[in-house]
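# Residue-level structural notes
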Amino acid sequence: MKATEYLKDKSLLLLLHMVCMSLLTVYLRLTGYPWDDCAVILVCWAAITGAWLTVQFLSRRRYFRETEHIIKNLDQRYLLGELMPRSFRLEDRLYRTLIRKSNKSVIERIRRIEQEQKEYREYIESWVHEIKAPITAIALNCENHRDERGKYLLVENRKVEDYVDMALYYARSDAVYKDYMIAETNLQETAEKVMTQNKYYLIQRNIRAEVDCHDMVFTDNKWIRFILNQLVLNSAKYSKEDGAQIQITTKIQKGGVLLQVKDNGVGIPKEELPRIFEKGFTGTNGREMERSTGMGLYLCHKLCGKLGIGIRAVSKEGAGTEIILEFPVSSYLADYRN
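Before going into details, it helps to say that this report is about the structure given with it. (Residues numbered from 1 in each chain as written. Predicted model: local features only at pLDDT ≥ 70, side-chain atom pairs only at ≥ 80, totals over all residues. Heavy atoms only, no water.)

### Remarks on the sheet that holds strand S4 (residues 244–253)
- The strand order across the open sheet formed by 5 strands is S2-S4-S5-S7-S6, and the pairing between neighbours is mixed. Here the strands that pair on one side only, and so sit at the sheet edges, are strand S2 (207–212) and strand S6 (310–316). Here the strands of the sheet are splayed against their neighbours by 15° on average, with no regard to which way each runs.
- Where S4 and strand S5 (residues 256–263) come together, 8 bridges link them in antiparallel fashion. Looking across to S5, one finds that threonine 249 is bridged to glutamine 260. (Pairing = 2+ DSSP bridges. Helix = DSSP H or I, 4+ residues; strand = E, 2+ residues; numbered from the N terminus. Axes fitted to C-alpha atoms, helices over the stretch in contact; angles between N-to-C directions.)

### Here we look at unusual backbone geometry
- Although it is not a glycine, asparagine 206 sits at a positive phi angle of roughly 55°.
- Here asparagine 206 lies in the loop between helix H8 (199–204) and S2.

### A few points about the pattern of salt bridges
- Tallied over the entire structure, the rule returns 9 salt bridges.
- With a shortest N-O distance of 2.6 Å, aspartate 92 and arginine 60 are connected by a salt bridge. Of the two residues, aspartate 92 is situated in helix H5 (residues 90–144) and arginine 60 in helix H3 (residues 35–72); the sequence distance between them amounts to 32 residues.
- Given the relative accessible area of 9%, arginine 60 is considered buried.
- Lysine 132 serves as the salt-bridge partner of aspartate 165, at 2.7 Å between the closest nitrogen and oxygen. Linking aspartate 165 in helix H6 (residues 148–172) with lysine 132 in helix H5, this pair joins segments that are 33 residues apart in sequence.
- A cluster of three or more residues bridged by salt bridges with shared partners is formed by Lys132, Arg158, Glu161, Asp162 and Asp165. (Salt bridge = Lys/Arg side-chain N within 4 Å of Asp/Glu carboxyl O. Buried < 20%, exposed > 50% of the residue type's maximum accessible area, 1.4 Å probe, protein only.)

### With respect to the layout of surface pockets
- The volume enclosed by the second largest pocket comes to roughly 310 Å³.
- What lines the second largest pocket is a set of 17 residues, among which Arg60, Phe64, Arg89, Glu91 and Asp92 lie closest to the centre.
- Mapped onto the lining of the second largest pocket, the elements with two or more residues apiece are helix H1 (3–9), H3 and H5.
- With 6 residues, H3 is the single largest residue contributor to the lining of the second largest pocket.
- Per-class residue counts for the lining of the second largest pocket are 8 nonpolar, 2 polar and 7 charged. (1 Å grid on protein atoms, 1.4 Å probe; cavity = no way out; pocket = protein on both sides within 12 Å on 5 of 7 lines; lining within 4 Å. Points joined across faces, edges and corners; volume = space filled by probe spheres on them. Nonpolar A, V, L, I, M, F, W, Y, C, P; charged D, E, K, R; others polar.)

In structure tokens:
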């Protein structure tokens, strides 16, 4: 709070004092008081008023500074009403009561929303587990009838399963800490499993896949497999008709391990590259091919953030795209490995 702002707020009070001082001066002069006596009275009045305003200003500034300090250190700022400094002023006590009532309403609303989200997440998880049964049955039936039609249905069934998994992981994305387990993960095995589960889709699109990931990282195997699966599917969607390939490799650098998913597909326009991880962003390629929901890379980016994994993209239009996952390694672990 600035002094000029405080004086501006007290302008009506100052104007009232000036009017009263003028009226008092007129009255004293009419009753025969000399100018010197009037001047002494006015100076004393002005000094007392100035001292009172100064004390009030310092007191209010200290009060609001304490309040600002409290709110800066609060993670949940809607709890300010419970922690505001106590004040003898009636106005402050009334404001504090009103803020508490408002905060109580906000907290109740937040709890209702959290409960609704929890119920929705539980419903999605239950629905996914239920629908996995017919999906698995269809896959087994197609495996037992490996004709052209069976392979086609197997690919389409796999797409359905991917979309179901996407719904499940999206529902769980805000509560990753409840569902993940960090352990040493073999990236070669993880990448091979992803390629195996998508083999018919890759064969159908004549895509050659290469995996060379002979490095271990500490992460959650299930979540990283989902992320890697989304990246492979994304590369396959926008692959070229002839000579398409996907390469998954690793590279050790100072402070971490890089997992690189590279393709030679249609690439991403330069002006769209910074937006590919935004929710719902489909881009030119997605709109032209009508295959993109704008959720795959968004989910990958969100889950990587929850797991502490860096993710970035390098692409050139017409020459392919490379998505890079960076798994950090602590200095202690790096020294232990060496």
